[in-house]
Amino acid sequence: MENVVIKRRHAHLLDASGINEPHLRSAYETCRQLHARFGKTYYLSTLLLPPAKRPYVHSLYGFARYADEIVDNGDPRTRERDMLAWSDIVLRDLREGTSRDPICQALLHTMHTWDIPVDHIEAFLASMLMDLTVTEYSTYADLRKYMYGSAAVIGLQMVPILEPLERHAHEHAVALGEAFQLTNFVRDVAEDLARGRVYLPLEDLDRFGVTRERLAAGGIDESLRELLRFEIDRIRKLYDDAEKGIDSLAESSRDCIRVALKLYRGIIEEVEKADYRVLDGRVRVGLGRRIRVAGGGYFRARKHFTV
């Protein structure tokens, strides 16, 4: 019964967005379910957008998450082949402007509606393919090249939907995308290491005398604390930069981004409260805090809701 109620509520969002074709409605629902299941913090923030915009955000997240699932959680014996095949299908469908894949159907419609450039999708897929073969990055500059496709273009894809009032909104969107991803890298050191990857730049590890073997040993010591303090300081500067761009968005979009930023920034605060013990388990922002942060934004944002 609960799923029926949720689907009916989402149907109102599709109505508000003018998405009427049954196959497209089904495709967007598939993306929403991916978003709700895997992106709880961001999904909560999306509730602060006007209803007519939310399906498009679900589409972008659903597409990115679907690729992540193939790369991170697919069958190790076939995931490279599977990701290459799916990437080829997506790029072909983008060229042809039509698709049988529901994730790609919603993406194509979103791109057409908001004039999102194809090269953003190409850059994203290129970074996902890197995850199949690249296990570490020597410098922060090298990592940023990867993050352009895996994080920065996600922010750039969002900008048209958020309706920027000034051009420099794009620069701040890049900073926010990078801040979100670096936050994940700090929080998920243990999970990434279990997949054979280290996203913290090797030059930073060397600076503080931390090795992959030290990370694999688990626990915490002062060298690891210093490394994580350094990374968190870098992340905070990116959040500060991103925050400056919120007022350059349409008023109806600001609470969504403000809440998302505050919740993600809360992750690094929780890492600090946990004494940087990211190797002992995933650090989370508690449900109560998430509801408090999102709740205040919701009551400000609802004046922009039309359904």
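Residues numbered from 1 in each chain as written. Predicted model: local features only at pLDDT ≥ 70, side-chain atom pairs only at ≥ 80, totals over all residues. Heavy atoms only, no water.

**Overview of the environment of Asp-241**
One can find Asp-241 in helix H13 (residues 222-243). Overall, Asp-241 belongs to the partly exposed group, its relative accessible area being 30%. Measuring from C-alpha to C-alpha, the distance between Asp-241 and Ala-194 comes to 32 Å, with 47 residues separating the pair along the chain. Those residues in contact with Asp-241 that sit more than four places away from it in its chain are His-172 and Ala-175. (Helix = DSSP H or I, 4+ residues; strand = E, 2+ residues; numbered from the N terminus. Buried < 20%, exposed > 50% of the residue type's maximum accessible area, 1.4 Å probe, protein only. Contact = heavy atoms within 4.5 Å.)

**A few points about the domain arrangement of the protein**
If you check the domain split of the protein, you get domain 1 (1-116) and domain 2 (134-306). Residue-level contacts link 23 residues of domain 1 with 25 residues of domain 2. With both chains or domains summed, domain 1 and domain 2 bury close to 2100 Å², and 69% of this area falls on carbon and sulfur atoms. Three residues stand out in domain 1 for area buried against domain 2, namely Thr-41, Tyr-42 and Leu-48, and they jointly supply 29% of the buried area on that side. At the surface where domain 1 touches domain 2, the tally comes to 2 salt bridges. (Domains from an automatic or database assignment. Buried area = accessible area lost by both parts, 1.4 Å probe. Salt bridge = Lys/Arg side-chain N within 4 Å of Asp/Glu carboxyl O.)

**Digging into the packing of aromatic side chains**
Going through the model one piece at a time under the given rule, you end up with 13 aromatic pairs. On the numbers, 4.2 Å between centres and 5 degrees between planes, the contact of Phe-185 with Tyr-199 is stacked. Pair noted here: Phe-185 is in helix H9 (residues 169-187) and Tyr-199 is in the loop between helix H10 (189-194) and helix H11 (202-207), with a separation of 14 residues, a long-range link. A relative accessible area of 6% means that Phe-185 is categorised as buried. (Phe/Tyr/Trp six-rings, centres within 6.5 Å; stacked < 30°, edge-to-face > 60°.)

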